[in-house]
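# Observations on the model geometry
For reference, the chains in residue letters:
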Amino acid sequence: MPVQVVFRKTSLVDYPGVVSSVIFFYGCNLRCPWCHNGELVRSAGTGDAGTFPLAQALAHIERRRKLLGGVVLSGGEPTLFSGLGETIARIKSLGLPVKLDTNGMRPGTLKALFADPQTRPDYIAMDLKLAPERYAELLPGTDGEKDVSGEFLKRSAALLRASGITHEFRTLALPTPYFGDSDLAALAPLAGDSPWHIRPFVPGNCLDPAWDSAAIP
Ligand code: SF4
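What comes next concerns the included structure. (Residues numbered from 1 in each chain as written. Predicted model: local features only at pLDDT ≥ 70, side-chain atom pairs only at ≥ 80, totals over all residues. Heavy atoms only, no water.)

Around the ligand, the neighbouring residues are C28, L30, R31, C32, C35, V41, G76, N103 and K129. Tallied by class, the residues present in the shell around the ligand amount to 5 nonpolar, 2 polar and 2 charged. (Near = heavy atom within 4 Å. Nonpolar A, V, L, I, M, F, W, Y, C, P; charged D, E, K, R; others polar.)

Scanning the entire structure with this criterion turns up 10 salt bridges. Of the charged contacts in the structure, one is a salt bridge between D122 and K92, with a shortest N-O distance of 3.2 Å. Within this pair, whereas D122 is found in the loop between α4 (107-115) and β6 (123-127), its partner K92 is found in helix α3 (residues 84-93), the two being separated by 30 residues in sequence. The class for D122 is partly exposed, based on a relative accessible area of 29%. Its salt-bridge partner being R170, residue D127 comes within 3.0 Å of it at the nearest N-O pair. Pair noted here: D127 is in strand β6 and R170 is in strand β7 (residues 166-173), with a separation of 43 residues, a long-range link. Exposure class is identical for D127 and R170. Each is buried. Through salt bridges with shared partners, a single network forms among K99, D101, D127, K129 and R170. (Salt bridge = Lys/Arg side-chain N within 4 Å of Asp/Glu carboxyl O. Helix = DSSP H or I, 4+ residues; strand = E, 2+ residues; numbered from the N terminus. Buried < 20%, exposed > 50% of the residue type's maximum accessible area, 1.4 Å probe, protein only.)

This paragraph deals with the sheet that holds strand β2 (residues 20-25). What the 8 strands build is an open sheet, ordered β3-β1-β2-β4-β5-β6-β7-β8; its pairing is mixed. Of all the strands in the sheet, just β3 (52-53) and β8 (196-200) have a single pairing partner and so form its edges. In this structure, strand β1 (residues 4-11) lies alongside β3, joined through 2 bridges in antiparallel fashion. The residue bridging V5 from the neighbouring strand is F52, located in β3. (Pairing = 2+ DSSP bridges.)

The next point concerns helix α2 (residues 54-63). Residues of α2 that are buried: L54, A57, L58, H60 and I61. All buried residues of α2 project into a common sector of 155° when viewed along the axis, lining one side. Away from its buried face by more than 90 degrees, α2 exposes A55 and R63. Buried residues in α2 make contact with β1, β2, β3, β4 (70-74) and α3. (Arc of directions from axis to C-beta. Contact = heavy atoms within 4.5 Å.)

Within β6, 5 of the 5 residues are buried, leaving the element largely enclosed by the surrounding structure. Alternating residues of β6 divide into Y123, A125 and D127 and I124 and M126, and every residue in both groups is buried. In terms of strand pairing, strand β5 (residues 98-102) meets β6 through 4 bridges, oriented parallel. Of the residues in β6, the one forming a bridge with L100 is I124. You can see the chain leave β5, run along α4 and come back into β6, and the turn it takes is right-handed. Of the pairings in the sheet, the one linking β6 to β7 comprises 5 bridges and is parallel in character. Within the sheet, the bridge partner assigned to Y123 lies in β7 and is T166. (Right-handed = clockwise from strand over helix to strand, strands pointing away.)

This is the structure:
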């Protein structure tokens, strides 16, 4: 079965200052209850409506490479995809920069990608969701990965800050009292002096429907 993705051919908002195509990979090693990408998180992307073969998406990008300024690899969590390095290398070989969106749970994968110029992303956006010690609250159920923790987040953030790659950290300002100043204080050292964008949470189509109402757990 060919690898299936969701493909947005043109975006003006996913790669700062760049007209991009966006490839969304299926699967995630977290289950943030407010997640707006439930269809990507719940499914393995095998034959679902709305999916697109990765090979076709890459062929489309190759045909339109002169019209694009870059390509975004997002999800779900793209570092779960075993062919990620190969995909980055192929896009970069077209002369297009690659932006990678990640939740930071796989520092080993990031380290390996960063080490090879062919697979080194040109821009990284990494989520800082909750205080690191709270990441166990975001673990998936029985089908989840075991290698998820705030310690991985800290390692990924440190790797990124030291990488020399253009990057940003991102945080959703979730409603209080679920999320608050203690989370921001715990995350600030991870962001360090890097750009850190805090955006408002907007309810709607959340993985846990309780988050679509005011009665958030
Ligand atoms: S890490 Fe991102 S894609 Fe995964 S569950 Fe959380 S918000 Fe959704």
